[in-house]
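# A closer look at the structure
This is what each chain is made of:
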Amino acid sequence: MTDRAEPIESMEQLALVWRAMVLDRDADADVRDLPGLAVRWADSRFAFWNCVTLTDIGADAKLTGQRLSQAADIMRSKERSGFLWVFEDLLDEEARAGLVPAAEQAGLQYAFPGTGMAADTLPADEPAHPDLTFVRVRTDDHLRDYADLNSRAYGFAPEDGRDGLAGSALWKNGVYAYLGLRDGVPVACAATVEADGRLFVVLVATDPEWERRGYGEAVTRKALYEGARATGLRRATLHATVAGAPVYPRIGFRPNSPLHFFGLQD
């Protein structure tokens, strides 16, 4: 693989999966592939479903500045807030060094970092955790529990998370989404979805009251195991937050590209 092969894969996986997720949320969502920009915007209260991504390969500082301004203009035209995703390793050296000042000049502010990761060896044995039972998301009540876990983990209002998943047929049938239950109460969740010959891990969350007990790792292993068993796929990709980044190498994932998330300036 070339130096940029995995960052390109990571960006393309995001664009592919988010297309499906956003159109599942709203069939009339703004889903466009523009020069250098992938727009995946449901205008949902769930901010993760409102996304613009830079897609140029090897963009220099001048082009990156132009794309940042274009992305900010798109974001300003929307009712709901969302994020610009930037895969650092797709930029040239000068553009990487000047990314944050260029984003600020475009009217954006840094939100939080992340990391693109990939794995070729998925859990071969069915995962288990002594505290947990696993339930696949199949009902509207399951969807609500899954959304609420994400809201608590990421600091969203409960109504915002529910706006992203409520009523979804995709999440009940096409996504391998699992809840980890402790004494019948959902405490962690993870999902995988098939995407261009890979499994993509999406919306992993642990209730903040139950962190550092291995629950997030266990339910992620379960979602990967069941997704691989159903599809036969062995390669997986994901985008990790700072909190999740230490967990995934234990499952076999390797970091590839640093990620940067930006929102509009207040």
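In what follows, the structure referred to is the one given above.
This section reports on the structure supplied with the text. Computed from a predicted structure; not experimentally measured.

## So, the sheet that holds strand β11 (residues 254-264)
Pairing within the open sheet is mixed, and its eleven strands lie in the order β1-β2-β3-β4-β11-β5-β10-β9-β8-β7-β6. Both edges of this open sheet fall to β1 (30-34) and β6 (133-136), since each of them pairs with a single strand only. Pairs of neighbouring strands in the sheet enclose a mean axial angle of 20°, with direction left out of account. Across seven bridges, the pairing between strand β7 (residues 176-182) and strand β8 (residues 185-195) is antiparallel.

## With respect to the pattern of salt bridges
Overall, the coordinates contain 27 salt bridges when judged by the stated rule. Between Asp140 and Lys172 there is a salt bridge; the shortest N-O distance is 2.9 Å. Linking Asp140 in helix α5 (residues 140-154) with Lys172 in helix α7 (residues 169-173), this pair joins segments that are 32 residues apart in sequence. In this structure Asp140 comes out as partly exposed when scored by relative accessible area, which is 46%. Salt-bridge contacts for Asp141 lead to Arg144; the nearest nitrogen and oxygen are separated by 3.0 Å. Of this pair, Asp141 and Arg144 both sit in helix α5, separated by three residues, roughly a single helical turn. Among the residues examined, Arg144 registers a relative accessible area of 33% and is labelled partly exposed. Connected via shared salt-bridge partners are Glu6, Glu9, Asp120, Asp196, Arg198, Arg235 and Arg254.

## Notes on the packing of α5 against helix α6 (residues 158-165)
At a closest axis distance of 8 Å, the pairing of α5 and α6 adopts a crossing angle of 130°. Classed by the angle they form, the pair α5 and α6 counts as oblique. Along this stretch, α5 crosses α6, giving a crossing that reads as right-handed. In this structure, α5 contributes Leu143, Arg144, Tyr146, Ala147, Asp148 and Ser151 to the contact, and α6 contributes Pro158, Gly161, Arg162 and Leu165. Taken together, the residues of the contact of α5 with α6 sort by class into five nonpolar, two polar and three charged.

Basis of the calculations
Residues numbered from 1 in each chain as written. Predicted model: local features only at pLDDT ≥ 70, side-chain atom pairs only at ≥ 80, totals over all residues. Heavy atoms only, no water. Pairing = 2+ DSSP bridges. Helix = DSSP H or I, 4+ residues; strand = E, 2+ residues; numbered from the N terminus. Axes fitted to C-alpha atoms, helices over the stretch in contact; angles between N-to-C directions. Salt bridge = Lys/Arg side-chain N within 4 Å of Asp/Glu carboxyl O. Buried < 20%, exposed > 50% of the residue type's maximum accessible area, 1.4 Å probe, protein only. Parallel < 35°, antiparallel > 145°, perpendicular 65-115°, else oblique. Left-handed = near helix turned anticlockwise from the far one by under 90°. Contact = heavy atoms within 4.5 Å. Nonpolar A, V, L, I, M, F, W, Y, C, P; charged D, E, K, R; others polar.

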